[in-house]
Amino acid sequence: MSVLEIRNLRAGVEDKEILKGVNLTLDSGEIHALMGPNGSGKSTLAYVVAGHPHYQIYGGDILLDGESILEMEPDERCKAGIFLAFQYPVAVPGVSVANFLRTAVSNVRGYTAQPTEGENRGAVIGSNLMPMREFRKEINDKMKEFNVDPSFARRYLNDGFSGGEKKRTEVLQMAMLAPKFAIMDESDSGLDIDALRVVSEGINKLATPERGFLLITHYQRLLNYVKPDKVSIFYDGRIVMTGGPEIALMLEERGYGWVEKEFAGAAEPVA
Amino acid sequence: MATHADREALKGVKDEYEYGFHDNEKPIFKTERGINHAVIDQISDQKNEPDWMREFRHQALDIFLSKPMPTWGADLSGIDFDEIFYYLKPSDGKGTSWDDVPEDIKRTFDRLGIPEAERKFLAGVGAQYDSEVIYHSLREEWERIGVIFLDMDSGLREHPEIVREYFATIIPASDNKFAALNSAVWSGGSFVYVPKGVHVDIPLQAYFRINAQNMGQFERTLIIVEEGASVHYVEGCTAPIYSSNSLHSAVVEIIIKKGARCRYTTIQNWSTDVYNLVTKRAVAYEGATMEWIDGNLGSKVTMKDPAVYMLGPKAHGEILSIAFAGHGQHQDAGGKVVHGAPYTSSKIVSKSISKDGGRASYRGLLRVGKGAHHSKSNVVCDALLLDERSRSDTYPYIEIEEDNVSVGHEASVSKIGEEQLFYLQSRGIGVDEAAAMIVGGFIEPLVKELPMEYAVEMNRLIQLQMEGTIG
Ligand SMILES: Nc1ncnc2c1ncn2[C@@H]1O[C@H](COP(=O)(O)OP(=O)(O)O)[C@@H](O)[C@H]1O
Ligand SMILES: [Mg+2]
């Protein structure tokens, strides 16, 4: 049982404050949907939790099981159990999905931290990576389970992938890295109905009692497939309302124009 | 892809490398420093050469002395020709098996951490220690099918008629000042002859390095691929570090006859005080294919542009090069393709990485001569800069004397992306390793063309170069 806690978080770029006091607590086993209009700062929140160097923290804290993670590098946060599925996954030409994932998994599972000895001492590639055989078996199983074509292993990471292929690969990565908390940034956007089903099935499979999800989405439709425990409305850098799944339906009905009217200029967060 | 995996393992190797160890060399014969006609005679005497070669050396020396230093390209003012030993012979006789290779030499190979190439390819490895090839082994199989793979000195001794027919016909001593110097003092290098229709399917490998302080290295390689034959020749070198400047100036000549193929792969990682000035040229006749694959790391200055002259219809030339320029280094590498017959095609792909103020230049020549109609050529050069202080520049020369041709040229310069780094980091990969991965990906299209152990080594060298680069 873990808890990810965002406390009165304020952050931005240069002089521009984008996050204006975000409060949110996510427990293991919980699915929390965060909905809000474009430009309200949802991705910024996701990036700041993952440790993107571009953003400055002006105040507040982010705690994982009571410990602040603000001083941790992005790779350390990942190892601590935080995963971000990117809204726009980045292409890394020339690096195959398999090599990338083997390196990532080896880091996260501690293989790379082990001293090299025995016959691996002074060896070259793969000396302290997860053994190839084990890795190959695991990735093959996971690709099958999460509906990713086996040919992806050899393709270059996100290079020339369609929107849907990128999002599926993000889910595959999450499955391999098995985080405590996953932030899914618009994993549904730009997907056709089949891809949306695949991605949401993946999320449902991974939504076990040991894992918490923050589902960032602009639309209600993902929530037809993945049932949230809580839904929050995000507006102008903060959460303005939190409730159950009924909130999503209300938003669907009234649209974001209503949010704007209701909460524009609100000096303090309501929730 | 080199990853964190080998990094720890490499730390020790790197420390020693940077520290600059060298084994105690035990030369049996060494010329005095500097160069003159007496030195040439000493070299020729030592080698017991035919008169025509002695004469060739003397003439080349005159050409060398009469030619001014090149004024274009990299700064060569640090070379002091009077300080260099031009010939050194470390031991008598040649090893015919790995067991015959002296222990201290094996130890040096070991400490460089690059024993794979030898271990795996014991048969067919030619290793050069100082100016002399001391270890050479050729698979019996190849001997049986008439393939000759010898060090150049033995080649001259055992096959004088072939050597005399082709030697310096592709790169005459008068070609440039450094080709003249090599012609005057050459020693070692490889002689390869592949008879008509023979396909050598395991790469021929030469492995050599500089060991003596101030020791110049002047290998001379001659490869002849007869009609319809094919061969892949691989050369890799690395050198320990010394405080004074070393000069390496090789000449490689390749003749590929009708319908034959040759691929020549080089990975080199000279120590950062070496001037590496190489002249490499191949002629490809009708329907023949030449491929140069060239990885340049290390050295203070590297100047080389492998060339392919396509002299028969439908000949094809390809040059793939990777250059890595670190602190205080200038890699001036590129390629030359000369279309001298119709329906010929060529491709140049050049990738450079610069960091810590290093400079990488692409220097390319594409020439389509009169009569080379329906020729095609495509040139792509991509540069990756790892920081603001580093530099990359491009000098493409294009000369077209024929109308009906198709020519493409693309160049790009990019910086290592913050978004790529963050993405990889967010998957638990440390920043240095992430940067090395991105660089590895950048050169992957070329690395995948290398034989396995060399691909591994290339990635490992990149990994070493990348340590502590970012953040
Ligand atoms: N790196 C950045 N540099 C400058 N402005 C940014 C940056 N990231 C986000 N912003 C700005 O912050 C606001 C919120 O953006 P974002 O977090 O992407 O919103 P959302 O994901 O909710 O659409 C926008 O006005 C956007 O232009
Ligand atoms: Mg967004």
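Residues numbered from 1 in each chain as written. Chains lettered and ligands numbered in written order. Predicted model: local features only at pLDDT ≥ 70, side-chain atom pairs only at ≥ 80, totals over all residues. Heavy atoms only, no water.

1. Concerning the sheet that holds strand β6 (residues 82-85) of chain A
All names here are of chain A.
- Pairing in this open sheet of six strands is mixed, and the strands run β6-β7-β8-β3-β9-β10 from one edge to the other. In this open sheet, the two edge strands, each paired with only one partner strand, are β6 and β10 (238-243). Recorded for the sheet is a direction-independent mean angle of 20 degrees between the axes of neighbouring strands.
- Pairing between strand β3 (residues 31-35) and strand β8 (residues 212-217): five bridges, direction parallel. Considered in β8, the bridge of Met35 is made with Thr217. (Pairing = 2+ DSSP bridges. Helix = DSSP H or I, 4+ residues; strand = E, 2+ residues; numbered from the N terminus. Axes fitted to C-alpha atoms, helices over the stretch in contact; angles between N-to-C directions.)

2. Details of the domain arrangement of chain A
Residue and element names in this part refer to chain A.
- Split into domains, chain A comes out as domain 1 (3-89 + 180-263) and domain 2 (93-160).
- Taking only C-alpha atoms into account, the centre of domain 1 sits 28 Å from that of domain 2.
- Between domain 1 and domain 2, the residue contacts involve eight residues of the former and six residues of the latter.
- Buried area between domain 1 and domain 2, both sides added, is near 600 Å², and the carbon and sulfur share of it is 66%.
- Three residues, Lys79, Val198 and Lys205, lead the burial of domain 1 against domain 2; their summed loss comes to 60% of the area buried on that side.
- At the junction of domain 1 with domain 2, the criterion picks out zero salt bridges.
- Viewed at the interface, domain 2 and domain 1 are joined by one residue pair in polar contact (both at pLDDT 80 or more).
- Of all the elements in the fold, those that place two or more residues in the side of domain 1 that touches domain 2 are α2 (74-80) and α6 (193-206).
- It is α6 that provides the largest number of residues to the side of domain 1 that touches domain 2, a total of five residues. (Domains from an automatic or database assignment. Contact = heavy atoms within 4.5 Å. Buried area = accessible area lost by both parts, 1.4 Å probe. Salt bridge = Lys/Arg side-chain N within 4 Å of Asp/Glu carboxyl O. Polar contact = N/O pair within 3.5 Å; in protein donor to acceptor, adjacent residues only side chain to side chain.)

3. A few points about the side chain of A:Arg211
Residues and elements named next belong to chain A.
- Among the structural elements, Arg211 can be located in the loop between α6 and β8.
- Within the buried set, Arg211 has no salt-bridge partner at all; the shortest N-O distance to an opposite charge, 5.8 Å, is to Glu210.
- Non-local contacts of Arg211, meaning those with residues more than four positions away in its chain, are made with Ser28, Gly29, Glu30, Ala178, Pro179, Lys180 and Leu206. (Buried < 20%, exposed > 50% of the residue type's maximum accessible area, 1.4 Å probe, protein only. Lys, Arg positive; Asp, Glu negative; His and termini not counted.)

4. Focus: the packing of aromatic side chains
- All chains considered together, the criterion is met by 17 aromatic pairs over all chains.
- Here A:Tyr47 and A:Tyr55 contribute two aromatic rings whose centre-to-centre distance is 6.0 Å and whose plane-to-plane angle is 20 degrees, an arrangement assigned as stacked. Of the two residues examined, A:Tyr47 and A:Tyr55, each falls in the buried class.
- Ring geometry for A:Phe86 versus B:Phe422: centroids 5.7 Å apart, planes at 50 degrees, classification tilted. In this pair, A:Phe86 is assigned in the loop between β6 and α3 (97-108) and B:Phe422 in helix α10 (residues 418-425), connecting two distinct chains. Neither residue differs from the other here; A:Phe86 and B:Phe422 are each classed as buried.
- Among the aromatic side chains, those forming a connected cluster through ring pairs are A:Tyr47, A:Tyr55, A:Phe86, A:Phe100, B:Phe422 and B:Tyr423.
- Over the ring of B:Phe64 we find B:Lys177, and its NZ or CZ is 4.2 Å from the ring centre.
- Over the ring of B:Phe167 we find B:Arg220, and its NZ or CZ is 4.4 Å from the ring centre. (Phe/Tyr/Trp six-rings, centres within 6.5 Å; stacked < 30°, edge-to-face > 60°. Lys NZ or Arg CZ within 6 Å of the ring centre and 35° of its normal.)

5. Remarks on the pairing of strand β15 (residues 301-304) of chain B
Residues and elements named next belong to chain B.
- Of the two faces of β15, both are covered, the one formed by Val301 and Met303 as well as the one formed by Thr302 and Lys304.
- Of the strand pairs in this sheet, strand β13 (residues 274-284) and β15 are connected by four bridges, and their pairing is parallel. Bridge pairing in β15 links Leu277 to Met303.
- Relative to strand β18 (residues 330-339), β15 runs parallel, the two sharing four bridges. Across the sheet, the residue bridging to Val301 is His330, located in β18.

6. A word on the packing of helix α2 (residues 37-47) of chain B against helix α3 (residues 51-66) of chain B
Residue and element names in this part refer to chain B.
- One way to put it is that α2 packs onto α3 with a least axis distance of 10 Å and a crossing angle of 155 degrees. If you check the angle between α2 and α3, you find them roughly antiparallel. Note that α2 runs across α3; the crossing there is right-handed. Together, His37, Ile40, Asp41, Ile43, Ser44, Asp45 and Lys47 of α2 and Arg54, Arg57, His58, Leu61 and Asp62 of α3 make up the contact between the two elements. (Parallel < 35°, antiparallel > 145°, perpendicular 65-115°, else oblique. Left-handed = near helix turned anticlockwise from the far one by under 90°.)

7. Topic: the coordination of the magnesium ion (ligand 2)
Residue and element names in this part refer to chain A.
- Distances from the magnesium ion (ligand 2) to its protein donors, namely Ser43 (OG) and Gln87 (OE1), fall within the range 2.1 to 2.2 Å. On the criterion of sequence distance, the pair formed by Ser43 in helix α1 (residues 42-50) and Gln87 in the loop between β6 and α3 is long-range, its members being 44 residues apart. Residues Ser43 and Gln87 agree in their burial class; the two are buried. (Donors = N, O, S within 2.8 Å, 3.2 Å for Na, K, Ca; no water.)

8. Structural notes on the sheet that holds strand β1 (residues 3-13) of chain A
Residues and elements named next belong to chain A.
- With antiparallel pairing, four strands are arranged side by side in an open sheet as β2-β1-β4-β5. What marks the edges here is a single partner per strand, and that holds for β2 (16-27) and β5 (67-68).
- Judged from the nine bridges that link them, β1 and β2 form a sheet pairing that is antiparallel. Opposite Gly12, over in β2, you have Glu17 as the bridge partner.
- Packing of α1 onto the sheet brings it into contact with β1, β2 and β4 (56-64), and relative to β1 it is tilted by some 110 degrees.

9. As for the interface of chain B and chain A
- Chain B puts 29 residues into the contact, and the matching count from chain A is 43 residues.
- Here chain B meets chain A over a buried area of about 2,900 Å², counting both sides, of which 63% is carbon and sulfur.
- The interface formed by chain B and chain A includes one salt bridge.
- The partner of A:Glu170 in a salt bridge is B:Arg427, with the nearest N and O atoms 2.6 Å apart.
- The tally of links between chain B and chain A comes to twelve residue pairs in polar contact (both at pLDDT 80 or more).

10. A look at the site of ligand 1
Residue and element names in this part refer to chain A.
- Neighbouring residues of ligand 1: 13 residues in total, closest Gly39, Lys42, Ser43, Thr44 and Tyr55.
- Within the contact set of ligand 1, an oxygen atom lies 2.8 Å away from a backbone nitrogen or oxygen of Gly39.
- For the shell around ligand 1, the elements supplying multiple residues, two or more each, are β2 and α1.
- With three residues, α1 is the largest single contributor of residues to the shell around ligand 1. (Near = heavy atom within 4 Å.)

11. Here's the deal with the nonpolar core
- By size, the foremost hydrophobic cluster in this structure holds 119 residues, and its most contacted members are A:Leu215 and B:Leu424.
- For this core, the domains that each give at least three residues are domain 1 (3-89 + 180-263) and domain 2 (93-160) of chain A.
- Those residues in contact with A:Leu215 that lie beyond four places of it in its chain are A:Ile31, A:His32, A:Ala33, A:Leu34, A:Met184, A:Ile203, A:Leu222, A:Leu223 and A:Val226.
- In terms of nonpolar packing, the next biggest core, distinct from the first, is built from 49 residues, B:Ile162, B:Val163, B:Ala180 and B:Ile224 among them. (Core = buried A, V, L, I, M, F, W, Y, C linked by side-chain atoms within 4.5 Å.)

12. Thoughts on the confidence of the model for chain B
Residue and element names in this part refer to chain B.
- Overall, the predicted model of chain B reaches an average pLDDT of 80, with 76% of residues at or above 70.
- Within chain B, the element-level pLDDT minimum falls on helix α1 (residues 4-19), averaging 37, and the maximum on strand β16 (residues 307-310), averaging 98.
- The low-confidence segment residues 1-23 (pLDDT under 50) makes 68 contacts with residues lying over four places distant or belonging to another chain.
- When the criterion is pLDDT under 50, residues 91-97 qualifies, and its contacts beyond four places in sequence or with other chains add up to 17 contacts. (pLDDT = per-residue confidence, 0-100.)

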